[in-house]
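Each chain, written out:
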Amino acid sequence: MISSPIWLPATLMAGGVQAWRTAVQRRVSQSLSLNAAGLVRYLYGLPFALMLLGGYWLANPATLPAVGPLFLLFCIGGGLAQIIATNLLILAFGHRNFVVGTAYSKTEAVQGALLSFLLMGERLSPLAWAGIGSGVAGVMLLSTGGKRMSAMDFVRALGQPAALCGIASGFFFALTAIGIRRATQQVETGDPILAALVVLAVTVALQTVMQGCWLLAREPGEMRRVFATWRVSGQVGMLSALGSACWFTGFATAPVALVRIVGQVEVAFTMGFAHFYLKEQMQRSEAIGLLLVVTGVVLALAGSL
């Protein structure tokens, strides 16, 4: 159920900010290990998450809300799923280009729709399901990287490391969305933005501890490099906190599947960053795939109305 119209602008903004953050993080990942590149979004994002919560609270003075008994459990589960999803996405980037890696992870829309139905009973309209189908077709076309492929070639490509990492990333991103939505439902307030920012601050703090401890235990030398890259890593953290604040607001006010379908506009922003920021060439098939993704977003919006 949609509880506030704010979910739509928040989701659209989240898609743009996340594409920007992922593009910057890919550059960071070229100089850091897998876990170190993942840590920067939480370590450097935590101060910004706290500032967002503090700024919103000062602008809208109120007693900080109480939380339910399962609040921390959902924050830990959603945060851990996001760490795994991010690491898998970075691995996918290492096998194929930026657009293709992101395209495979965008299967999270259909995975999220199925999981939210099974775990939370959220239902979608036929138009929304049509939007999912169009969006998935678009991202699968994008995953070919501009190459002409037969049906069998495409099936074989799904077994490649980039596909496996990207699809697994989408699965864990879908679990992240469900965990975060359940966490926001544990915050006892009628203000969805405040609930989202409380969950954001707590989750990012937990993620910093979880991945930071792992890095110190397994790759202590990488921690120094994380701090040495503070100029670029700080950008990743700021964009990550802002993007997550928008995503969490969307999850707090609308069904997970609907937010993720509309969030596929990130693919359009991703292609823009890949072309202009990372200097990757756009192929004709990628343009068609983008059109299918946009069509899917339009159908999902029509279904929600």
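Let me sum up the structure you'll find in this document. None of the values given here were measured: they were computed from a predicted structure.

Here is what the cut-offs are and how they apply
Residues numbered from 1 in each chain as written. Predicted model: local features only at pLDDT ≥ 70, side-chain atom pairs only at ≥ 80, totals over all residues. Heavy atoms only, no water. Helix = DSSP H or I, 4+ residues; strand = E, 2+ residues; numbered from the N terminus. Buried < 20%, exposed > 50% of the residue type's maximum accessible area, 1.4 Å probe, protein only. Contact = heavy atoms within 4.5 Å. 1 Å grid on protein atoms, 1.4 Å probe; cavity = no way out; pocket = protein on both sides within 12 Å on 5 of 7 lines; lining within 4 Å. Points joined across faces, edges and corners; volume = space filled by probe spheres on them. Nonpolar A, V, L, I, M, F, W, Y, C, P; charged D, E, K, R; others polar. Core = buried A, V, L, I, M, F, W, Y, C linked by side-chain atoms within 4.5 Å. Patch = residues over 30% accessible without salt bridge, like charges linked within 9 Å, V, L, I, M, F, W, Y side chains within 5 Å. Areas by Shrake-Rupley, 256 points an atom, 1.4 Å probe, with all protein chains shown as cover. Salt bridge = Lys/Arg side-chain N within 4 Å of Asp/Glu carboxyl O. Phe/Tyr/Trp six-rings, centres within 6.5 Å; stacked < 30°, edge-to-face > 60°. Lys NZ or Arg CZ within 6 Å of the ring centre and 35° of its normal.

Here's the deal with the environment of A36
At step 1: Relative to the elements of secondary structure, A36 occurs in helix α2 (residues 34-43).
At step 2: Exposure remark for A36: the relative accessible area of 0% places this residue in the buried category.
At step 3: Between the alpha carbons of A36 and E219 there is a distance of 8.5 Å; along the sequence they are 183 residues apart.
At step 4: Not counting chain neighbours up to four residues away, the residues in contact with A36 comprise L215, E222 and V226.

So, the side chain of S134
At step 1: Checked against the element boundaries, S134 lands in helix α7 (residues 126-142).
At step 2: Leave out the neighbours within four places in its chain, and S134 touches L292, V293, T295 and G296.

Describing the layout of surface pockets
At step 1: Considered as a void within the structure, the largest pocket measures approximately 190 Å³ in volume.
At step 2: Around the largest pocket, the lining comprises 15 residues; the ones closest to its centre are S3, T184, T189, P192 and A252.
At step 3: Those elements that place two or more of their residues in the lining of the largest pocket are α9 (161-185), α10 (192-218) and α12 (230-253).
At step 4: Looking at which element gives the most residues to the lining of the largest pocket, the answer is α9, with 3 residues.
At step 5: Counted by class, the lining of the largest pocket contains 6 nonpolar, 7 polar and 2 charged residues.

Some details on empty space enclosed by the protein
At step 1: With the rule as written, the count across this model stands at 5 cavities of 30 Å³ or more.
At step 2: Of the voids in this model, the largest cavity is the one considered here, and its volume is about 70 Å³.
At step 3: Lining the largest cavity are Q18, R21, R41, Q82, F173, T176, S244, W247, F248, F251 and R260.
At step 4: Counting only elements with at least two residues in the lining of the largest cavity, the list comes to α1 (7-29), α9 and α12.
At step 5: Sorting elements by how many residues they give to the lining of the largest cavity places α12 first, with 4 residues.
At step 6: Classifying every residue of the lining of the largest cavity by side-chain character gives 4 nonpolar, 4 polar and 3 charged.

Some words on the nonpolar core
A general tendency of soluble globular proteins is for nonpolar side chains to be buried together.
At step 1: Grouped together as the largest cluster of nonpolar side chains are 55 residues, with contacts concentrated most on L124, V199, L200, F248 and F251.
At step 2: Counting residues per element, this core draws most heavily on α10, at 9 residues.
At step 3: Beyond its immediate stretch of four places on either side in the chain, V199 contacts F71, C75, I180, A183, T184, V187 and F248.
At step 4: Residues V17, V40, L215 and V236 belong to the second largest nonpolar core, which totals 15 residues.

Examining a nonpolar patch on the surface
At step 1: Taken together, the side chains of W57, L58 and L64 define a hydrophobic patch exposed on the protein surface, amounting to about 340 Å² of accessible area.
At step 2: Counting through the fold element by element, L58 comes out in helix α3 (residues 45-59).
At step 3: By relative accessible area, L58 is classed as exposed at 63%.

Things to note about the packing of aromatic side chains
At step 1: Across all of its chains, the model carries 2 aromatic pairs by this definition.
At step 2: Measuring from ring centre to ring centre gives 5.4 Å for F171 and F172, while their planes differ by 80°; the resulting arrangement is edge-to-face.
At step 3: Taking relative accessible area as the criterion, F171 reaches 31% and is therefore assigned partly exposed.
At step 4: Accessibility expressed as a relative area gives 23% for F172, which makes it partly exposed.
At step 5: Ring plane angle 15° and centroid distance 6.2 Å describe the contact between W247 and F251, whose orientation is recorded as stacked. Here W247 pairs with F251, and both are found in helix α12, just 4 residues apart, close to one helical turn.
At step 6: For W247, a relative accessible area of 4% translates into the label buried.
At step 7: Between the NZ or CZ atom of R260 and the centre of the ring of W247, over which it lies, the distance is 4.6 Å.

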